[in-house]
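Each chain is listed here by its residues.
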Amino acid sequence: MASSLPRCMALVVLVVVAAAATSASAQLSTTFYDTICPTALSTIKAAVASAVQSEARMGASLLRLHFHDCFVQGCDASVLLDDTATFTGEKTAGPNQGSLRGFEVIDTIKSAVDKACGASVVSCADILAVAARDSVVALGGPSWNVPLGRRDSTTASFGGANTDLPSPDSNLATLTTAFQAKGLNVQELVALSGAHTIGQSRCSLFRDRIYNDTNIAPLFAFRRRLQCPRSGGDDNLAPLDNLTPNRFDNAYYLNLVFKRGLLHSDQELFNGGSADAQVRTYSLNPFAFSRDFASAMVKMGNINPLTGNNGQVRTNCRKMASSLPRCMALVVLVAVAATATSASAQLSTTFYDTVCPTALSTIKAAVASAVQTEARMGASLLRLHFHDCFVQGCDASVLLDDTATFTGEKTAGPNMGSLRAFEVIDTIKSAVDKACGASVVSCADILAVAARDSVVALGGPSWNVPLGRRDSTTASLGGANTDLPSPDSSLATLTTAFQAKGFNLQELVALSGAHTIGQSRCSLFRDRIYNDTNIGPLFAKQLMFSIPLFSHSPRNDLKFV
């Protein structure tokens, strides 16, 4: 039995874990969501891959969102906040307005992650950081482990967005100063600028370079002028890397060496200054670039994150969460899980769709594995559910072990030495708790679903299982001895036993069909094959060969056929 802690404790503990990091960036962890939501990263990866497959440019847009977020008051998802009548965000700042994109993709990712986790436990700031990494990977670039545990801001800085983000006409000194202000050195400036190996830029941002700069290849300038006239066409796009615009590689640096940088700020990295050597190295050594880029991304992602009790985890990345206690989202989920009473009408087939959407698929996979290993296990799991429900209701009381101060049902006559599969239920429970991130699925519900899945695994019908049962804190040894029909029951006894549980004769006959699978011990059918008259003679004789009339060994009574 579980302890008497409040029912919300399991999920509240998850939130406490999520809040345990403090404001120091060293306390971010690559395993932050391993317990609270183990499917978070795979969910983000799948959503990013889908978005980039639909539009390759989206990879660069998602990467840029993370950069523009981290350079303004730290990596806190402030860049995602919409303006309101009483709040000004960063989206309308000069470097962002009409330029940043991918917000809808972040919305989609957030919804998918919250659904996978069963609650809003993954911050928008962490989603930006992981989506940036996954975008690079989706376009052929390097991967890296993303430290996690950022929280979302409740503020934004319109002014900071206008001052802290380097402009496309910055010179090397301005770029160096801007990056140093964020704790990034020249090598990291050069490495991070390699993000311009993907994506596109608007004509208005590179017009001055292609018409006025002298450190530009003439043919390259001529071709860009065809798309970007001296006036008009401000939103016309050109690739930042004209060699492999949709592949994350080191071609950006080759462009710089040959004076084909699209933005003035790009070409400043290779213009007779302190960054030239690093640019040349990356142009010749793609492995060095990939290594340094990944390292610099981790460092950039650690710029002033909000952790611990700072900030919040938004439910909508575009607006601040309400001032409800931070644990409220998860407490609500557990409150939902606790609302079902003993009345079956309050059970629901969609009970875990929000609190743990992967619960049923996890049980199904575990049952399929167990039955594949031993076909008889299907009947054993089905029988467990029957023996549970017929004794004080479907409450998992049948699973409780005896202790020095507690007597369960396992040692009752109909159960002792007969019921099995307890270890399989233990395995399923562990798998479900891991998938859900907390113990939110009851053992009683696991028994009900495992019974259905066992039937399906052995070729039988399926049905929707109403869910929401809770586990008992009691058991009934006496009830197990009296309420479970014995194998020598008459039809009248069976009918009475089933009627006591609300079943009619038709349902008795239908449920008895569970004996189309499974085995029985010799001790339970010896009297029938030797003494009953309503038995096929050949059938009885075949069983008698392996089942003696008198057993001189307890082992004979345990034989199964």
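Residues numbered from 1 in each chain as written. Predicted model: local features only at pLDDT ≥ 70, side-chain atom pairs only at ≥ 80, totals over all residues. Heavy atoms only, no water.

Caption draft 1: Layout of the overall build of the protein. When you go through the protein residue by residue, the secondary structure sums to 26 helices and two strands. Burial statistics for the protein: of 561 residues in total, 48% are counted as buried. In the protein, once contacts between residues fewer than 6 apart in sequence are set aside, the share between residues at least 24 apart is 72%. As displayed, the protein offers around 26100 Å² of accessible surface, 55% of which is attributable to carbon and sulfur atoms. (Helix = DSSP H or I, 4+ residues; strand = E, 2+ residues; numbered from the N terminus. Buried < 20%, exposed > 50% of the residue type's maximum accessible area, 1.4 Å probe, protein only. Contact = heavy atoms within 4.5 Å. Areas by Shrake-Rupley, 256 points an atom, 1.4 Å probe, with all protein chains shown as cover.)

Caption draft 2: A nonpolar patch on the surface, seen in detail. Taken together, the side chains of Leu-219, Phe-222 and Leu-226 make up a nonpolar region of the molecular surface, amounting to roughly 340 Å² of accessible area. Locating Leu-226 in the fold gives a position in helix H10 (residues 218-227). A relative accessible area of 63% means that Leu-226 is categorised as exposed. (Patch = residues over 30% accessible without salt bridge, like charges linked within 9 Å, V, L, I, M, F, W, Y side chains within 5 Å. Salt bridge = Lys/Arg side-chain N within 4 Å of Asp/Glu carboxyl O.)

Caption draft 3: Spatial organisation of helix H19 (residues 422-436). Spanning 15 residues, H19 covers 21 Å between terminal C-alpha atoms, matching the ideal 21 Å at 1.5 Å per step. Regarding H19, the residues found buried are Phe-422, Val-424, Ile-425, Ile-428, Lys-429, Val-432, Asp-433, Ala-435 and Cys-436. Projection of H19 onto a plane perpendicular to its axis shows the buried side chains occupying an angular sector of 165°, all on one side. Exposed positions of H19 whose direction lies more than 90 degrees from the buried face are Glu-423, Thr-427, Ser-430 and Lys-434. Where the residues of H19 are buried, they touch helix H4 (103-117), helix H17 (359-373), helix H18 (376-389) and helix H20 (443-457). (Expected span 1.5 Å × (residues − 1). Arc of directions from axis to C-beta.)

Caption draft 4: Representation of empty space enclosed by the protein in the model. Under the defined criterion, the tally for this structure stands at two cavities of 30 Å³ or more. Its boundaries defined by the atoms lining it, the second largest cavity holds a volume of some 50 Å³. Surrounding the second largest cavity, His-66, Ala-129, Trp-144, Val-146, Pro-147, Arg-150, Met-297, Val-298 and Gly-301 form its lining. At three residues, helix H14 (residues 286-301) tops the list of elements feeding residues into the lining of the second largest cavity. Among the residues making up the lining of the second largest cavity, the classes are represented as six nonpolar, two polar and one charged. (1 Å grid on protein atoms, 1.4 Å probe; cavity = no way out; pocket = protein on both sides within 12 Å on 5 of 7 lines; lining within 4 Å. Points joined across faces, edges and corners; volume = space filled by probe spheres on them. Nonpolar A, V, L, I, M, F, W, Y, C, P; charged D, E, K, R; others polar.)

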